[in-house]
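What the coordinates show
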Amino acid sequence: MKFQNAVIFFNENKPNVRALAQEACTFLQACGLPARAITALDGLDASADLLICMGGDGTMLRCARAAAPLNMAVFGVNCGTLGFLAACEISDFKKRLEQLLRDECTVNERFMLRAQIIPQDGTTQEYLAFNDCVLRAAQPRAFTVNAVFNGKKLPPYFGDGVIISTPTGSTAYSLAAGGPIVEPGVDVLLITPICPHTLHQRPLILPAGGELELVPAFKNKEDGAVLSVDGQINLILPSGARVKLTRSPLKAKLLCTEERDFFSILNRKLNWGAR
């Protein structure tokens, strides 16, 4: 995949990343690829076809949501702690960028979630999620989540909330809450209960092409729910609002080197299979 213009987005809260972003910019320009550095994703537009993300996994989440509507590929350089979604580490980023310019990287398309908040007046708000959407109480207490999938009622969830995850997000909050690891190419949704107040509720895997609707219910009228998108956008739900979750028509395009396949990353980053 050949690129015409690159934009380098960096997390300016990370020490020394600004200098690294400028170094990457100079390197790409010397290789013949026009590049510029930005610190705000609202400056992203279709004039570029490659987004280089310099930060941690949180920065990658923001970049994925911003790049998907523009059909832009994302190449991550891990400047954080885990770097599960990144294509390379700081120590070898120039070598990996050279591979990218030689068209030696794979484009992994990851499906995303479309989350719609539908209040009683019908004025829908829509959001894009890469990892997950979490429905939880605004205050730390157990509550009921009524769920309907493709028009059929599911048994209600009672606990601290639910995580609705993409396969990519299966190794994030869902995994920490006891959900399964799902290979990113599998076309499914995950429902993972958060601290369920019963021994009978377990994670549920559903086909991604369906429609899932969630409605929070509280004993006290003054209580309310929050929808958290990728852990970065937190939305207070109006009383009586429904949350509808479907597979988005947009896809995140993550660039990956051959050395960083999904299973080797699981082993290196999360110690999966270690003895």
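The notes below deal with the structure included here. (Residues numbered from 1 in each chain as written. Predicted model: local features only at pLDDT ≥ 70, side-chain atom pairs only at ≥ 80, totals over all residues. Heavy atoms only, no water.)

The strand order 13-12-11-8-15-16 describes an open sheet built from 6 strands, whose pairing is antiparallel. Looking along the sheet, the strands with just one partner apiece sit at the ends: strand 13 (204-207) and strand 16 (233-236). Direction aside, the axes of adjacent strands within the sheet are offset by 20 degrees on average. Pairing between strand 8 (residues 132-137) and strand 15 (residues 225-229): 5 bridges, direction antiparallel. Each residue of the ladder has a partner; that of V134, found in strand 15, is S228. (Pairing = 2+ DSSP bridges. Helix = DSSP H or I, 4+ residues; strand = E, 2+ residues; numbered from the N terminus. Axes fitted to C-alpha atoms, helices over the stretch in contact; angles between N-to-C directions.)

Attention shifts here to a nonpolar patch on the surface. Residues I181, F263 and W272 make up a contiguous nonpolar surface patch of about 290 Å² in total accessible area. Taking relative accessible area as the criterion, I181 reaches 35% and is therefore assigned partly exposed. (Patch = residues over 30% accessible without salt bridge, like charges linked within 9 Å, V, L, I, M, F, W, Y side chains within 5 Å. Areas by Shrake-Rupley, 256 points an atom, 1.4 Å probe, with all protein chains shown as cover. Salt bridge = Lys/Arg side-chain N within 4 Å of Asp/Glu carboxyl O. Buried < 20%, exposed > 50% of the residue type's maximum accessible area, 1.4 Å probe, protein only.)

We now examine the nonpolar core. Counting 30 residues, the largest nonpolar core has L135, L212 and L214 as the members making the most contacts within it. Once residues within four sequence positions are removed from consideration, L135 is found in contact with F143, V145, D160, G161, V162, L214, P216, A225, V226, L227, L237 and V243. One finds I8, C25, I52 and A73 within the second-largest nonpolar core, a separate group that totals 27 residues. (Core = buried A, V, L, I, M, F, W, Y, C linked by side-chain atoms within 4.5 Å. Contact = heavy atoms within 4.5 Å.)

A full pass over the atoms with the stated rule returns 0 disulfides. C25 provides the cysteine sulfur closest to C31, a residue in no disulfide bond, and the two sulfurs are 12 Å apart. (Disulfide = S-S within 2.5 Å.)

By the criterion of burial, strand 1 (residues 6-10) is predominantly enclosed, with 5 of the 5 residues buried. Residues A6, I8 and F10 of strand 1 are buried on one face, and the alternating residues V7 and F9, pointing to the opposite face, are buried as well. In this sheet, strand 3 (residues 50-55) lies alongside strand 1 in parallel orientation, the contact comprising 5 bridges. Bridged to F10 within strand 3 is M54. Both strand 1 and strand 2 (residues 35-38) contribute to a ladder of 4 bridges, which runs parallel. Bridge pairing in strand 2 links I8 to A37. After leaving strand 1, the chain enters helix 1 (residues 17-30) and then returns to the sheet as strand 2, a path that is right-handed. (Right-handed = clockwise from strand over helix to strand, strands pointing away.)

A separate point is the layout of surface pockets. Approximately 280 Å³ is the volume found for the largest pocket. Lining of the largest pocket is provided by 21 residues; of these, N108, R110, P184, R260 and F262 occupy positions nearest its centre. Of all the secondary-structure elements, those providing two or more residues to the lining of the largest pocket are strand 6 (106-118), strand 17 (242-256) and helix 5 (262-270). Its residues assigned to classes, the lining of the largest pocket shows 12 nonpolar, 4 polar and 5 charged. In this structure, the second largest pocket occupies an estimated 210 Å³ of space. (1 Å grid on protein atoms, 1.4 Å probe; cavity = no way out; pocket = protein on both sides within 12 Å on 5 of 7 lines; lining within 4 Å. Points joined across faces, edges and corners; volume = space filled by probe spheres on them. Nonpolar A, V, L, I, M, F, W, Y, C, P; charged D, E, K, R; others polar.)

This part is about helix 2 (residues 57-67). Counting buried residues along helix 2, 8 of its 11 residues qualify, which places the element largely inside the surrounding structure. Every buried residue belonging to helix 2 is among D57, T59, M60, L61, C63, A64, R65 and A67, and all of these are buried.

Further remarks concern the pairing of strand 9 (residues 143-149). The two faces of strand 9 differ: F143, V145, A147 and F149 on one face are buried, but T144, N146 and V148 on the other face are not. With 6 bridges connecting them, strand 9 and strand 10 (residues 152-159) associate as antiparallel partners. Bridge pairing links F143 to G159 in strand 10. Taking the residues between adjacent antiparallel strands as the criterion, strand 9 and strand 10 are bridged by 2 residues, where N150 takes a positive phi near 50 degrees. Both strand 9 and strand 14 (residues 212-217) contribute to a ladder of 6 bridges, which runs antiparallel. Across the sheet, the residue bridging to T144 is A217, located in strand 14.

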